[in-house]
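One letter stands for each residue in the lines below.
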Amino acid sequence: MIVRTLKAAQKTDRRVVTPGWESTRLLLKNDNMGFSFHITTIYAGAELHMRYANHLESVYCISGDGEVETTEWHTKYPITSGTIYILDKHDEHILRAHTEMVMACVFNPPLHGREVHDETGAYPLHAEAVADDRS
Ligand code: 9YT
């Protein structure tokens, strides 16, 4: 069994900070679970254009208000506490945070730990790993 806390993980290089969001990656590839799990905060006013070409992602909104728009159909879905969106087709999308949003995110395949978006809005398949701190 592996036990971690968000508070402790935020003090390590599991926490990745960018201008529009930050994400603490609580469960990663080197845990050998087949997926990764992150708590992500999207800063108020952020507009993120993403397309995870190499990953599938599910995003559950814990708190905050925003919307996600598919760029193929321009369909907009309100995202608020209790809503999940599931990018089952590597969907290109835009996430807009009207307020600060806290999300629980799952990636398959799992992230290594230090990924940030490339110019296409994707994460690379290989990236720097964080320390293996399994207890
Ligand atoms: C919702 C979303 O995809 N935000 C970008 C960060 C990502 N969730 C991550 O790396 O944890």
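In this report, the structure presented in the accompanying data block is examined.

**Some details on the overall build of the protein chain**
Across its full length, the protein chain holds 1 helix and 10 strands. Ordered by position from the N terminus, the helices and strands of the protein chain form the series α-β-β-β-β-β-β-β-β-β-β. Here the protein chain has a C-alpha radius of gyration of 14 Å; the compact-globule value for 135 residues is 14 Å, and the two agree. Each principal axis of the C-alpha distribution contributes one length, and for the protein chain these read about 45 × 25 × 25 Å. Taking all 135 residues of the protein chain together, 44% fall into the buried category. Within the structure as shown, the protein chain displays about 7300 Å² of accessible surface, and the carbon and sulfur contribution to it stands at 56%.

**Quick word on the sheet that holds strand E6 (residues 65-70)**
The antiparallel open sheet is built from 4 strands, whose spatial order is E4-E9-E6-E7. With partners counted over all chains shown, the strands left at the sheet margins are strand E4 (47-50) and strand E7 (76-80), one partner each. Strand after strand, the sheet turns through a mean of 20° between neighbouring axes, direction not considered.

**A few points about the pattern of salt bridges**
One pass over the full model with this rule turns up 8 salt bridges. Between Arg96 and Glu67 there is a salt bridge; the shortest N-O distance is 2.7 Å. Linking Arg96 in strand E9 (residues 93-97) with Glu67 in strand E6, this pair joins segments that are 29 residues apart in sequence. Note that Asp88 is salt-bridged to Lys89, the shortest N-O span being 3.1 Å. A residue is classified by how much of its surface remains accessible, and Asp88, at 47% relative accessible area, is partly exposed. Overall, the relative accessible area of 59% leaves Lys89 in the exposed class. Connected through salt bridges with shared partners, the residues Arg4, Arg14, Asp31 and Asp133 form a single ionic network.

**Some thoughts on the site of the ligand**
Lining the immediate surroundings of the ligand are 15 residues, of which Ser23, Arg25, His38, Tyr52 and Tyr123 lie closest. Thr40 places a side-chain nitrogen or oxygen 2.9 Å from an oxygen atom of the ligand. The contact in question runs from an oxygen atom of the ligand to an N or O atom on the side chain of Tyr123, over 2.6 Å. For the shell around the ligand, the secondary structure elements donating two or more residues are strand E2 (21-27), strand E3 (36-42) and strand E10 (101-108).

**Quick notes on the side chain of Arg25**
Position of Arg25 relative to the elements: it lies in strand E2. Here Arg25 is buried and forms no salt bridge, its nearest opposite-charge partner Glu115 lying at an N-O distance of 4.2 Å. At a separation of 3.3 Å, a polar atom in the side chain of Arg25 contacts the side chain of Tyr123. Apart from residues no more than four positions distant in its own chain, Arg25 is found in contact with Arg14, Val16, Phe37, His38, Leu111, Gly113, Arg114, Glu115 and Tyr123.

Conventions and cut-offs
- Residues numbered from 1 in each chain as written.
- Predicted model: local features only at pLDDT ≥ 70, side-chain atom pairs only at ≥ 80, totals over all residues.
- Heavy atoms only, no water.
- Helix = DSSP H or I, 4+ residues; strand = E, 2+ residues; numbered from the N terminus.
- Rg over C-alpha atoms; globule rule 2.2 N^0.38 Å.
- Buried < 20%, exposed > 50% of the residue type's maximum accessible area, 1.4 Å probe, protein only.
- Areas by Shrake-Rupley, 256 points an atom, 1.4 Å probe, with all protein chains shown as cover.
- Pairing = 2+ DSSP bridges.
- Axes fitted to C-alpha atoms, helices over the stretch in contact; angles between N-to-C directions.
- Salt bridge = Lys/Arg side-chain N within 4 Å of Asp/Glu carboxyl O.
- Near = heavy atom within 4 Å.
- Polar contact = N/O pair within 3.5 Å; in protein donor to acceptor, adjacent residues only side chain to side chain.
- Lys, Arg positive; Asp, Glu negative; His and termini not counted.
- Contact = heavy atoms within 4.5 Å.

Read these as spatial facts, not as claims about activity.
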